[in-house]
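Overview (structure and organization)
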Amino acid sequence: MGFTMSLNLLLLLAMVATNILSLYHLSSTIQSTPPAPPPVPDHLIHQLSTIRATINHLTSLQPSSSPTKKPPSSTPSDLLLYTHIAPIASSCKDHPLLLHQYMNYTPFALCPNDSPLAEDLILRGCHPLPRRRCFSRTTSTIPSSLPTNPFATLPENTALLGHYRCKTFSCFASTKSDMGFDMTVEKSRFLTYKTDLDLPIQQLFQLSKSAKSVIRLALDIGGGTGTFAAHVKLQNVTVITTTMNFGAPYNEAVALRGLVPLHVPLQQRLPVFDGVVDLVRCGRAVNRWIPLITMEFLLFDVDRVLRGGGYFWLDHFFSKRTDLEKVFSPLIGKLGYKKVKWAVGNKTDSSGVKNGEVYLTALLQKPLSN
Ligand SMILES: *[C@@H]1O[C@H](CO)[C@@H](O)[C@H](O)[C@H]1NC(C)=O
Ligand SMILES: *[C@@H]1O[C@H](CO)[C@@H](O)[C@H](O)[C@H]1NC(C)=O
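Residues numbered from 1 in each chain as written. Chains lettered and ligands numbered in written order. Predicted model: local features only at pLDDT ≥ 70, side-chain atom pairs only at ≥ 80, totals over all residues.

Named according to an unreviewed UniProt entry, the protein is Probable methyltransferase PMT4 originating from Olea europaea subsp. europaea. Check the Sequence similarities (unreviewed entry) section of the UniProt entry for the protein; it says "Belongs to the methyltransferase superfamily." (UniProt positions renumbered as here; feature names shortened; annotations may be inferred.)

This is the structure in structure tokens:
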């Protein structure tokens with residue numbers, strides 16, 4: 001333990017020293033008019049190489065220093081190496097055992113069969129995960145044709161399903177119809193108006209058209225198998241779907257449908273630039289189980305990526321009725337968006353009834369700033 005702590009401290013020192021060095025480089029480059037690289041002071045180089053040498057020493061020492069006891073708690077050498085070249089998420093340090101297990105692999109060989117481990121770490125906030133230098137596992141079958149129809153049955157044997165209870169896509173499709181793998185169900189989603197909580201795609205486009213606000217590019221946060229993207233692709237709209245592989249191969253499904261899956265968790269800053277998106281949709285993955293402060297950052301990040309006049313669509317957001325009134329409505333109100341649609345309805349499944357939950361479906365329009 002003490003060993004690991006001092007090692008961590010050293011790594012921290014090394015990072016600080018590296019930053020000081022780059023800062024020094026930067027500031028002196030800005031100041032000197034001819035772009036000749038300024039010499040780095042000897043004491044900094046010396047300091048850095050001492051730290052590096054110590055790390056190298058400790059790294060080479062470590063495997064023999066504790067040969068048998070608790071191998072997962074010793075820092076894998078590739079983790080040390082990676083920490084040296086790029087930052088990793090601060091939450092990663094809260095899960096050292098998982099992280100060490102993840103980074104304990106043989107470089108330049110086939111990666112361990114451990115995709116659920118990566119998923120576990122990411123869901124615990126360890127994102128971005130460190131990179132690894134191993135070869136990812138693949139299936140032996142590839143789809144035989146381009147996915148011209150995003151509602152076609154997903155081709156079997158094109159994703160690694162060994163980690164799941166279901167070993168085929170058809171199993172996922174028949175287990176629970178609302179998981180997104182049953183294409184006969186997906187084909188009719190987003191098209192009909194059954195309750196006030198629905199916003200059919202046709203209506204969405206009519207609303208934006210009458211407001212002279214064209215939708216070209218959208219982001220579907222927590223978009224499952226990409227069904228929203230699939231439907232609007234037929235309208236020539238491009239949608240990026242963020243989705244996790246929580247219990248099912250959602251990312252593979254999105255890709256097999258010819259859509260764009262982004263494997264990013266809800267707490268990550270959206271990987272697009274400010275003001276480039278016309279529509280952001282949040283499906284049921286965004287709900288009352290997200291900590292309030294996380295939710296607040298999420299909403300303001302949505303605001304960042306939306307262009308003026310763009311839309312934020314909260315689709316079946318669920319919370320307790322009182323929380324919607326006292327917490328979430330005021331939170332959403334902070335954005336200052338125009339309420340194009342605001343519908344609340346009882347969540348009538350068993351947990352919804354038990355917890356007094358309601359759904360909110362809202363379509364909000366970001367104002368134009370000057
Ligand atoms: C989508 O693009 C295709 C090819 O350019 C065009 O034929 C079709 O009419 C477009 N559909 C819509 C809904 O704009
Ligand atoms: C929704 O649930 C509340 C509380 O259970 C109930 O008072 C209300 O009548 C319900 N509304 C509808 C439309 O069913």
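For the pair helix α11 (residues 292–305) and helix α12 (residues 321–333), the least separation of the axes is 10 Å and the interaxial angle reads 25°. Compared by their axis directions, α11 and α12 come out roughly parallel. Along this stretch, α11 crosses α12, giving a crossing that reads as right-handed. Contacts between α11 and α12 pair L292, M295, E296 and L299 from the former with V327, L331 and I332 from the latter. Its residues assigned to classes, the contact of α11 with α12 comprises 6 nonpolar, no polar and 1 charged. (Axes fitted to C-alpha atoms, helices over the stretch in contact; angles between N-to-C directions. Helix = DSSP H or I, 4+ residues; strand = E, 2+ residues; numbered from the N terminus. Parallel < 35°, antiparallel > 145°, perpendicular 65-115°, else oblique. Left-handed = near helix turned anticlockwise from the far one by under 90°. Contact = placed C-beta atoms within 7 Å. Nonpolar A, V, L, I, M, F, W, Y, C, P; charged D, E, K, R; others polar.)

With that settled, the discussion passes to the confidence of the model for the protein. Per-residue pLDDT for the protein averages 85, and the proportion of residues at 70 or more is 80%. Of the regions scoring below 50 in pLDDT, residues 9–38 engages in 23 contacts with residues more than four places distant in sequence or in other chains. Between residues 53–71, whose pLDDT stays under 50, and residues either more than four places distant or in other chains, the model counts 11 contacts. (pLDDT = per-residue confidence, 0-100.)

All right, on to unusual backbone geometry then. Of the consecutive residues H127 and P128, the connecting peptide bond is found in the cis state with omega at 5°. Structurally, P128 can be placed in the loop between α5 (115–123) and α6 (169–175). Non-glycine residue F190 carries a positive phi angle of around 65°. Topologically, F190 is positioned in the loop between α7 (183–186) and α8 (201–210). When the 20 C-beta atoms within 10 Å are taken as the criterion, F190 is described as buried. With a phi angle near 55°, H316 is a residue other than glycine that sits in the positive phi range. With respect to the helices and strands, H316 occurs in strand β5 (residues 306–320). H316 gets classed as partly exposed once you count the C-beta atoms within 10 Å, which come to 18. (Buried ≥ 20, exposed ≤ 12 C-beta atoms within 10 Å, placed from the backbone.)

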